[in-house]
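Observations on the three-dimensional arrangement
Here is how the chains run, residue by residue.
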Amino acid sequence: MSSKLVMSEEQQEKWKGMFGRLRNCRGNKKRTSVKAPNGSLDIASEPIRDEELGTLTATEVKSWGDAFERLMASEGGRKVFRSFLRHEYSEENILFWLACEDLKKERSPEMIEEKARVIYEDYVSILSPREVSLDSRVRDIINRNMIAPSQHTFDEAQLQIYTLMHRDSYPRFVNSPTYKNLLRTLGVEVESSTNSSS
């Protein structure tokens, strides 16, 4: 039994317009990319170097374990967390979040449209190998927003991914050898991971 998707003329026009703009953008030879914090365009394979972490203090790193907000507010914290997420095969979550932050800072309407298209193709499209996990309600909001992209096109999706990282990845990060070894390196005493239950 086959089922047909029936769309109103208004919906058809909306989708034609959105995909027409995306198709036109694909024709452009120049591709805009969201830059990594160090200015590199290659954000997927950027390793953390010791000199990048050299300015971290024990107090700052310890604060990352107290609140996810503190971790995400710290450039060094985001780099360490990103490295952790890479090993968990969920690096796309922080890359998407960072790309959304970059989009919010953009002022040029042409660049906003281009960056929104790149974010959509890289993280939202079901064809992307780095697709983030979004529910259908948020996907619908993004699809509507892509008709006229703005700095806030992905706000709902960014919040959903932030919440996912906070609830899912962050507790594992705080208890990970990555974080605990960094604390030890900075001279912070760390509780052993063998907990004795009473």
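Everything below is about the structure shown above.
Everything numeric in this text was worked out from a predicted model, so none of it was measured.

**Concerning the packing of aromatic side chains**
The final tally for this structure, using the stated rule, is 10 aromatic pairs. Through a chain of ring-to-ring contacts, three or more aromatic side chains come together here, namely Phe68, Phe81, Phe84, Trp97, Tyr162, Tyr170, Phe173 and Tyr179.

**Let's talk about the side chain of Ser176**
Relative to the assigned elements, Ser176 resides in the loop between helix 9 (155-174) and helix 10 (177-185). Classification of Ser176 as buried rests on a relative accessible area of 4%. Among the polar contacts made by the side chain of Ser176, one reaches the main-chain carbonyl oxygen of Phe173 at a distance of 2.6 Å. From its side chain, Ser176 meets the backbone nitrogen of Tyr179 in a polar contact 3.2 Å long.

**Some words on the pattern of salt bridges**
Tallied over the full model, the rule gives 15 salt bridges. For Glu75, the salt bridge identified is with Lys79, shortest N-O distance 3.6 Å. Here Glu75 and its partner Lys79 are both found in helix 5 (residues 75-87), four residues apart, which amounts to about one turn of the helix. Overall, the relative accessible area of 39% leaves Glu75 in the partly exposed class. Of the charged contacts in the structure, one is a salt bridge between Glu131 and Arg139, with a shortest N-O distance of 2.5 Å.

**Thoughts on the environment of Ser133**
Looking at the element boundaries, Ser133 is found in the loop between helix 7 (109-124) and helix 8 (136-145). Judged by relative accessible area, which is 56%, Ser133 ranks as exposed. Ser133 has contacts with Gln160 and Ile161, leaving out every residue within four places of it along the chain.

**Side note on unusual backbone geometry**
Positioned with a positive phi, Tyr89 is a non-glycine residue whose angle comes to about 60°. In this structure, Tyr89 sits in the loop between helix 5 and helix 6 (91-105).

Cut-off values and rules
Residues numbered from 1 in each chain as written. Predicted model: local features only at pLDDT ≥ 70, side-chain atom pairs only at ≥ 80, totals over all residues. Heavy atoms only, no water. Phe/Tyr/Trp six-rings, centres within 6.5 Å; stacked < 30°, edge-to-face > 60°. Helix = DSSP H or I, 4+ residues; strand = E, 2+ residues; numbered from the N terminus. Buried < 20%, exposed > 50% of the residue type's maximum accessible area, 1.4 Å probe, protein only. Polar contact = N/O pair within 3.5 Å; in protein donor to acceptor, adjacent residues only side chain to side chain. Salt bridge = Lys/Arg side-chain N within 4 Å of Asp/Glu carboxyl O. Contact = heavy atoms within 4.5 Å.

Geometry only, nothing functional implied.
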